[in-house]
Structure formats: C-alpha cells, structure tokens
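Coordinate analysis (summary)
As a plain string of letters, each chain reads:
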Amino acid sequence: MKGNDIDAVAALVNAVFTKMKFGAPVTVEGDKAVLRQAYYCPIMVSSISLKVPWGWLDENFAWPWLKGVASVVNPNIEFTVKMARSRGDPICEHVFEIK
C-alpha cells in the first residue's frame, strides 16, 4: 500500500475488514472515507457473548481501534461517528477525514 491520502485510508480499513470478514466496505466520498453498516457487527456479537454493554464496547474499543487503524496511514486522521446502532440509530455511519 502506498500513499497517505483518503483513498489509502479506505484501502487499509477495507483490507482489515476483509480479513475479519466484516460486512460493508468503506467508500470514498469526496475528501472523506465513509463506513455505513446496517447488518452484522462483530462488536454487537461480542457484546451479547460477553455480556458487556454494546455502547461501552463501541466507545472504548471499536471506535478508538478504527481510528488507530486509519492512523497507520495518516496520523492526522479524524474519526467521527455520525450514527450508531448501539445508540438506536438504524445504521452505523463512521467518517474518516484527514485534517
């Protein structure tokens, strides 16, 4: 993998998700990489299996981990959670931007 632009961020996150057999791909939309997920979520399954609140796992593990993965490509990544199923939203929408 080469580069440190938003396309490289999306490519790395997609490569990690493919290895994990995670659902939706990250798409590049202008200067942002966006993950929209409406189905299978390994964090949700972990929450149920481990009896740990889903929101807690998102905020304390999944979201920092996602930002960390993207930060490997560019340390100036900003990660925003626009929607989260753990909060009752119909989908999860995570946005990666380089600042």
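Figured I'd write up the structure that's included with this text. (Residues numbered from 1 in each chain as written. Predicted model: local features only at pLDDT ≥ 70, side-chain atom pairs only at ≥ 80, totals over all residues. Heavy atoms only, no water.)

Here's the deal with the pairing of strand β1 (residues 26-29)
- Relative to strand β2 (residues 32-37), β1 runs antiparallel, the two being bridged by four bridges. Following the sheet pairing, Val 28 is matched in β2 by Ala 33.
- Linking two consecutive strands that pair antiparallel, namely β1 and β2, is a turn of two residues; a positive phi of about 70 degrees is found at Gly 30 within it. (Pairing = 2+ DSSP bridges. Helix = DSSP H or I, 4+ residues; strand = E, 2+ residues; numbered from the N terminus.)

Considering the packing of aromatic side chains
- Applying the stated criterion across every chain, the model contains two aromatic pairs.
- Seen in terms of ring centroids, Phe 61 and Trp 65 are 6.5 Å apart; in terms of plane orientation they differ by 20 degrees. Their pairing is stacked. Here Phe 61 pairs with Trp 65, and both are found in helix α3 (residues 54-73), just four residues apart, close to one helical turn.
- Since its relative accessible area comes to 31%, Trp 65 is described here as partly exposed.
- When the centroid spacing of 5.1 Å and the interplanar angle of 50 degrees are considered together, the rings of Phe 79 and Phe 96 count as tilted. Here Phe 96 lies in strand β4 (residues 92-98) and Phe 79 lies in strand β3 (residues 77-83), a separation of 17 residues in the sequence. (Phe/Tyr/Trp six-rings, centres within 6.5 Å; stacked < 30°, edge-to-face > 60°. Buried < 20%, exposed > 50% of the residue type's maximum accessible area, 1.4 Å probe, protein only.)

It is worth stressing that arrangement in space is one thing and function is another; only the former is reported here.
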